[in-house]
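# Notes for the structure review
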Amino acid sequence: MDECNQSGVCCKLFAINLNEKEYFSGKFKTEFEEFGIVKDFLEAEMIGANILTRLEDGSCIYLKDKICSIHKTRPQVCRGFFCNSEKEQFKDMITQINLVKQK
Ligand code: SF4
């Protein structure tokens, strides 16, 4: 069963891309937003403007004490990922997470 063990590792390792609806909702803090919202979503994706703001250590701005501070309203990609998933599409990500956990 998919389950989050709240290690917080995935929220540090991977950039979180918002979907179109999330990006234009204005509810999330995104990279480059100080320059304004990009009106064309494809362009926003190309330049990475739809990526959640990350702190200097790479962690998501919403990660607080290893816990997602916006858990109930977190982006779709966060909802779909679990580090104990057996889905093939997550295999490489899970390998990276396990490498960090082993350190
Ligand atoms: S929004 Fe929450 S679950 Fe998604 S990366 Fe940030 S802290 Fe993690």
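Look up: the structure comes first, before these words.
Small disclaimer: the values here were computed from a predicted structure and weren't measured.

## Considering the nonpolar core
Generally speaking, soluble globular proteins have nonpolar side chains that are buried together. Core analysis: the largest hydrophobic core is formed by 13 residues, its most contacted members being Tyr23, Phe28, Ala44, Leu52 and Tyr62. Core analysis: the second largest hydrophobic core is formed by seven residues, Val9, Phe14, Cys83 and Ile97 among them.

## Details of the environment of glycine 80
If you trace the backbone, glycine 80 turns up in helix H4 (residues 76-80). As for glycine 80 and lysine 66, which are separated by 14 residues in sequence, their C-alpha atoms are 18 Å apart.

## Details of the environment of proline 75
On the secondary structure map, proline 75 appears in the loop between strand S2 (67-68) and H4. Residue class for proline 75 comes out buried when judged on its relative accessible area of 1%. Once the C-alpha coordinates of proline 75 and asparagine 17 are considered, the two residues, 58 residues apart in sequence, prove to be 8.3 Å apart. The contacts of proline 75, once residues within four sequence positions are left out, are Ile16, Leu18, Glu22, Phe28, Leu52 and Ile70.

## Some words on the side chain of serine 59
Inspection of the secondary structure puts serine 59 in the loop between helix H3 (41-47) and strand S1 (63-64). The exposure class of serine 59 is buried, given its relative accessible area of 4%. Here the side chain of serine 59 touches aspartate 57 through a polar contact of 2.6 Å, side chain to side chain. Ignoring any residue separated from it by four or fewer positions in sequence, one finds serine 59 in contact with Cys11, Lys12, Thr53 and Arg54.

## Re a negative patch on the surface
Where like charges cluster on the molecular surface, the negative patch consists of Glu20, Asp40, Glu43 and Glu45. Residue classification places glutamate 20 among the partly exposed residues on the basis of a relative accessible area of 45%.

## Side note on the state of the cysteines
Taken as a whole, this structure holds zero disulfides when the rule is applied. Here cysteine 83 is not cross-linked by a disulfide; its sulfur's nearest cysteine counterpart is in cysteine 10, at 6.3 Å. Under the relative-accessibility criterion, cysteine 83 is labelled buried at 19%.

## Considering unusual backbone geometry
Here phenylalanine 32, not a glycine, exhibits a phi torsion of approximately 65 degrees, which is positive. Checked against the element boundaries, phenylalanine 32 lands in the loop between helix H2 (20-25) and H3. The class for phenylalanine 32 is partly exposed, based on a relative accessible area of 38%.

What counts and how
- Residues numbered from 1 in each chain as written.
- Predicted model: local features only at pLDDT ≥ 70, side-chain atom pairs only at ≥ 80, totals over all residues.
- Heavy atoms only, no water.
- Core = buried A, V, L, I, M, F, W, Y, C linked by side-chain atoms within 4.5 Å.
- Buried < 20%, exposed > 50% of the residue type's maximum accessible area, 1.4 Å probe, protein only.
- Helix = DSSP H or I, 4+ residues; strand = E, 2+ residues; numbered from the N terminus.
- Contact = heavy atoms within 4.5 Å.
- Polar contact = N/O pair within 3.5 Å; in protein donor to acceptor, adjacent residues only side chain to side chain.
- Patch = residues over 30% accessible without salt bridge, like charges linked within 9 Å, V, L, I, M, F, W, Y side chains within 5 Å.
- Areas by Shrake-Rupley, 256 points an atom, 1.4 Å probe, with all protein chains shown as cover.
- Salt bridge = Lys/Arg side-chain N within 4 Å of Asp/Glu carboxyl O.
- Lys, Arg positive; Asp, Glu negative; His and termini not counted.
- Charge placed at Lys NZ, Arg CZ, Asp CG, Glu CD.
- Disulfide = S-S within 2.5 Å.

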